[in-house]
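For reference, the chains in residue letters:
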Number of protein chains: 2
Amino acid sequence: MRIFAHEVKGHEGSTISVSGWVHRIRELGQVNFILLRDRSGIVQLVMDEKPGFTQESVITAFGTVRKNGKAPGGFELQVSNIQVLAEAAPDLPIPVNQDPGNLSLDAILDHRIISLRIPKIQNIFKLQAGIVQYFGDHMRGEDFIEIKSSKLIGSGTEGGTGLFTVEYFDRKVFLAQSPQFYKQAMVASGMERVFEIGAAYRAEKHETPRHLNEYISLDVEMGFIDSEHDLMDLEMRILTSIFNRVREEQQDVLRLFDASVPEESALDNTPRISHDEGKEIISKRTGKRVFEINPEGERVLCDWAMEEYGVELIFVHSFPRKKRPFYTYPEGQKTKSFDLMFRGLEITTGGKRINEYDMLLENLPKFGLTEEGLSDYCTIFKYGCPPHGGFAIGLERLTQKILGLANVKEASLFPRDRRRVRP
Amino acid sequence: MRIFAHEVKGHEGSTISVSGWVHRIRELGQVNFILLRDRSGIVQLVMDEKPGFTQESVITAFGTVRKNGKAPGGFELQVSNIQVLAEAAPDLPIPVNQDPGNLSLDAILDHRIISLRIPKIQNIFKLQAGIVQYFGDHMRGEDFIEIKSSKLIGSGTEGGTGLFTVEYFDRKVFLAQSPQFYKQAMVASGMERVFEIGAAYRAEKHETPRHLNEYISLDVEMGFIDSEHDLMDLEMRILTSIFNRVREEQQDVLRLFDASVPEESALDNTPRISHDEGKEIISKRTGKRVFEINPEGERVLCDWAMEEYGVELIFVHSFPRKKRPFYTYPEGQKTKSFDLMFRGLEITTGGKRINEYDMLLENLPKFGLTEEGLSDYCTIFKYGCPPHGGFAIGLERLTQKILGLANVKEASLFPRDRRRVRP
């Protein structure tokens, strides 16, 4: 019967077996110590004979559990027998049993198959799996239905730039840059409240610590809203729920990264400022003239929110019309849209959408679009669509900011950028 | 305060409001009846004046709740005021308030934006959202971690055929036909147990009721298994969990489709036969010579399982080597692999994988592959990978078979086939 590393302490005096990867070998001659890693943690094995296997080999060790205050967890296994399930080659390209802080990002990503074995790195994705779970749980708790929309779209509806082309039999299609139109279609279909956890694709040639060409978008769309503030309220409930569960259920991961999540009491103070107010604050604090809120501005606004409201998040709303897509609900020369910044980084874009067919038709030409070119989309509104809106949270950015990672690529299992399409 | 259709009965005598889509209008002159549809169901509105709006318009109705045994749910709203939130054009391309049984599949899919409003059709996707939820819940309950792997792969590793090409900046990449290599990489990384809910792409020119070119794959991979029977055991636990929750939580949907799910007591009898035994059974029952188990054969085997074991599922294992991919664990001329058929349709392919580096290297040339061409994949095994295996369940096929839908495309929100890339 296999026992996990973290359960060994409950079996003092018993004969058990453990299975996992050989994390570290320390040969002292008379006695040899092995750290064995499994999905629950690390346990120390003590062997009299010389270990005849390499680091990272997969083994099953049989033996007796005994107390040892110096062993990880306070107990160790005195080995009676070893079975090697898979021998590892001795030329590991990067070290697995050290802090990855000494490795470059390129080394970590070029050797992704191996770097994911490093416990600290693997824990990023345990946290990320938690975020996905907590998000879904919260949405279902508010009666949202999960949808799975197609990522292959026949026309580049949000604008032809920034789309990857797919050779689809005898024609070309595109990879969707968001499930925007599909989630709106589902709200209008009568589902009213939908969410999607899926891939989004951006064919943009950026090379920054905040961009990925393929990422996971946590998408939300909600019918019968009064204004975009209903959406900001909803997002705060979602994030509160995610942060609370991360704090409760992912303590180990937070500790590894010396990280924490905002407290509920602070979140309640999250300020909501207009785009114009945002520019003014940035201008005052930097002494520069501000034309738009760029990454530096996002950091300034988060600093301001922390100083003024004691919270690491800030909503910016009322973006100018020309800075938002055609489907954004206008309000004079502004829009009923918003961004949310967290720890200096935009993690959400959202807003109320145009739901009136006539207003949509009037708006299209201003963006160089036609009803013919967007016929499926326009059908959504031609036959009755309630007031609605939504937003999307970037999963990797949220993960990055919770753990304080320097680059968003660290928060993607197999990141894709302009140069990187493997492993 | 908005009240939902299904809550109206609890508000007799009160003045409330309801919001939704105008499902049906019956004008009798003195008195007019409206059926209003919201995400919870349908409620009857009674108006004295002539309704000044079209079917499918989105309205909010204010009024008083009163008892009426003839109204849906036994209560109706005597309307005092109506607010039209969005007017629908009067030329609906397909009827929304009738049984979709009279519509062709092409009509349903060409007008997908509208056909998703048909309550019976929309309910397919409420059930599907449930399956996704129950699957995730079950996997987490067995300590599996959810992963999100890239769908853009640098080389066509499972064989160059059947892959869609993507123009990725100045090179070509492919859409992944499964997360196979990534889930194996994550098992070998030490996560041991992973699952993924994600899109899979097959560039195959089939035109059948059982194929989609883009579908959602419920993927599972598990380390430290003894044999492929551990995987079949796991899959039965997953399906039992899904079927039980569908039966408990999706009664309304099952009733609409006059459908049911297998009982736990029957599932426990699910037979496991070898590929050779399967061919023999098909041959005996059809009187034909059988070279492989084709769709007709899958139906015959499910009939046989029902007659012999009283269950609508059957595992077929020990497929010949040449019928399985290179990574399948061999056993003489057979493999430790399996399919699961449910109600006449294959819904799962799975098996134990080769985890020994030497065995893998020996196997590659037999499939025309090289270590150089698969270097990232081979790295997984070069540095220690435990015995493992996994499988994938096709979400749309499972949905289709639970509800008895004639075509798998009915179980995809926005299906993609050779001709269809919209809406």
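Scroll up to find the structure.
Residues numbered from 1 in each chain as written. Chains lettered and ligands numbered in written order. Predicted model: local features only at pLDDT ≥ 70, side-chain atom pairs only at ≥ 80, totals over all residues. Heavy atoms only, no water.

1. A short note on the sheet that holds strand S7 (residues 152–153) of chain A
Stated formally: Between any two strands, pairing holds if DSSP finds at least two bridges. Strands here mean DSSP runs of E at least two residues long; helices mean DSSP runs of H or I at least four residues long; both are numbered from the N terminus.
Read from one edge to the other, the open sheet built from 6 strands follows the order S7(A)-S9(A)-S8(A)-S8(B)-S9(B)-S7(B), with strand pairing classed as antiparallel. Here the strands that pair on one side only, and so sit at the sheet edges, are S7 of chain A together with strand S7 (152–153) of chain B. Direction of pairing for strand S8 (residues 165–168) of chain A relative to strand S9 (residues 171–175) of chain A: antiparallel, over a ladder of 4 bridges. Paired with A:Glu167 across the two strands is A:Lys172, which belongs to S9(A).

2. A look at the relation of the copies chain A and chain B
Definition in use: What sets the superposition is a least-squares fit of C-alpha atoms, and only residues with pLDDT of at least 70 in both copies go into it. A contact between two residues is defined here by any heavy atoms of the two lying within 4.5 Å.
Between chain A and chain B, the superposition needs a rotation of 180 degrees and an axial shift of 0.0 Å, giving an RMSD of 0.0 Å. On this basis, the relationship between the two copies can be described by a two-fold rotation axis. By C-alpha distance to the rotation axis, the residue of chain A lying nearest is A:Val166, at 2.2 Å. Taken together, the interface assignments show that 100% of the residues at the interface of chain A recur at the interface of chain B, consistent with an identical surface on both copies.

3. A look at the pairing of strand S3 (residues 41–47) of chain B
Residues and elements named next belong to chain B. How we decide: A 1.4 Å probe rolled over the protein chains alone gives each residue an accessible area, and that area as a share of the maximum for its type sets the label: buried under 20%, exposed over 50%, partly exposed in between.
Taking burial as the measure, the 7 residues of S3 include 5 buried ones, the bulk of the element. What sits between strand S2 (residues 32–38) and S3 in their antiparallel hairpin is a turn of 2 residues. Two strands pair when backbone bridges link them, and S3 and strand S5 (residues 75–86) are joined in this way by 3 bridges, in the parallel orientation. Bridging from a neighbouring strand, Gln44 pairs with Glu76 of S5.

4. Describing the nonpolar core
Formally: Nine residue types can take part in a nonpolar core, namely buried Ala, Val, Leu, Ile, Met, Phe, Trp, Tyr and Cys, and a core is a set of them joined through side-chain atoms within 4.5 Å.
Judged by nonpolar contacts, the single largest core of 194 residues is most densely connected at A:Leu398, A:Ile402, A:Leu403, B:Leu398, B:Ile402 and B:Leu403. In this structure B:Leu403 touches B:Ile124, B:Leu127, B:Val253, B:Leu254, B:Phe257 and B:Ala259, once residues within four positions along its chain are discounted.

5. Let's talk about helix H11 (residues 375–382) of chain A
Restricting attention to buried positions, one finds in H11(A) the residues A:Asp376, A:Tyr377, A:Cys378, A:Ile380 and A:Phe381. Residues of H11(A) that are buried make contact with helix H4 (180–191), helix H10 (357–363) and strand S18 (388–394) of chain A together with helix H2 (112–115) of chain B. Once H11(A) ends, the next one or two residues include A:Gly384, with phi positive near 95 degrees.

6. Looking at the pattern of salt bridges
Residues and elements named next belong to chain A. Convention followed: Within this document, salt bridges are pairs made up of a side-chain nitrogen of Lys or Arg and a carboxyl oxygen of Asp or Glu, the two lying within 4 Å of each other.
Using the criterion set out here, one finds 76 salt bridges over all chains in the structure. A salt bridge links Lys148 to Glu146, with the shortest nitrogen-to-oxygen separation between them at 3.5 Å. According to the relative accessible area criterion, Lys148 is buried, its value standing at 12%. The partner of Asp339 in a salt bridge is Arg324, with the nearest N and O atoms 2.9 Å apart. Separated by 15 residues along the polypeptide, Asp339 in strand S16 (residues 337–342) and Arg324 in the loop between strand S13 (313–317) and strand S14 (330–331) bring together distant segments of the chain. Judged by relative accessible area, which is 8%, Asp339 ranks as buried. Members of the salt-bridge network, linked through shared partners, are Asp137, Arg140, Glu146, Lys148, Arg245 and Glu249.

7. So, the interface of chain A and chain B
Formally: What counts as buried area is the accessible surface, traced by a 1.4 Å probe, that two parts surrender upon association, with contributions from both included. Pairs of N or O atoms within 3.5 Å make up the polar contacts considered here, provided that, within protein, one atom can donate a hydrogen while the other can accept it, and that residues adjacent in sequence are counted only when both atoms are side-chain atoms. Residues are grouped as follows: Ala, Val, Leu, Ile, Met, Phe, Trp, Tyr, Cys and Pro are nonpolar; Asp, Glu, Lys and Arg are charged; every other residue, Gly included, is polar.
At the interface, 90 residues of chain A touch 90 residues of chain B. It is A:Arg39, A:Phe169 and A:Tyr383 in chain A that bury the most area against chain B; as a group they hold 11% of the surface buried on that side. Summed over the shared surface of chain A and chain B, the result is 12 salt bridges. Here chain A is connected to chain B by 46 residue pairs in polar contact (both at pLDDT 80 or more). In terms of residues, the side of chain A that touches chain B owes the most to one element, H4(A), which gives 8 residues. Taken together, the residues of the side of chain A that touches chain B break down into 45 nonpolar, 14 polar and 31 charged. Bridging between S8(A) and strand S8 (residues 165–168) of chain B involves 3 bridges; their strand directions are antiparallel.

By themselves, these are just geometric observations and shouldn't be taken as functional.
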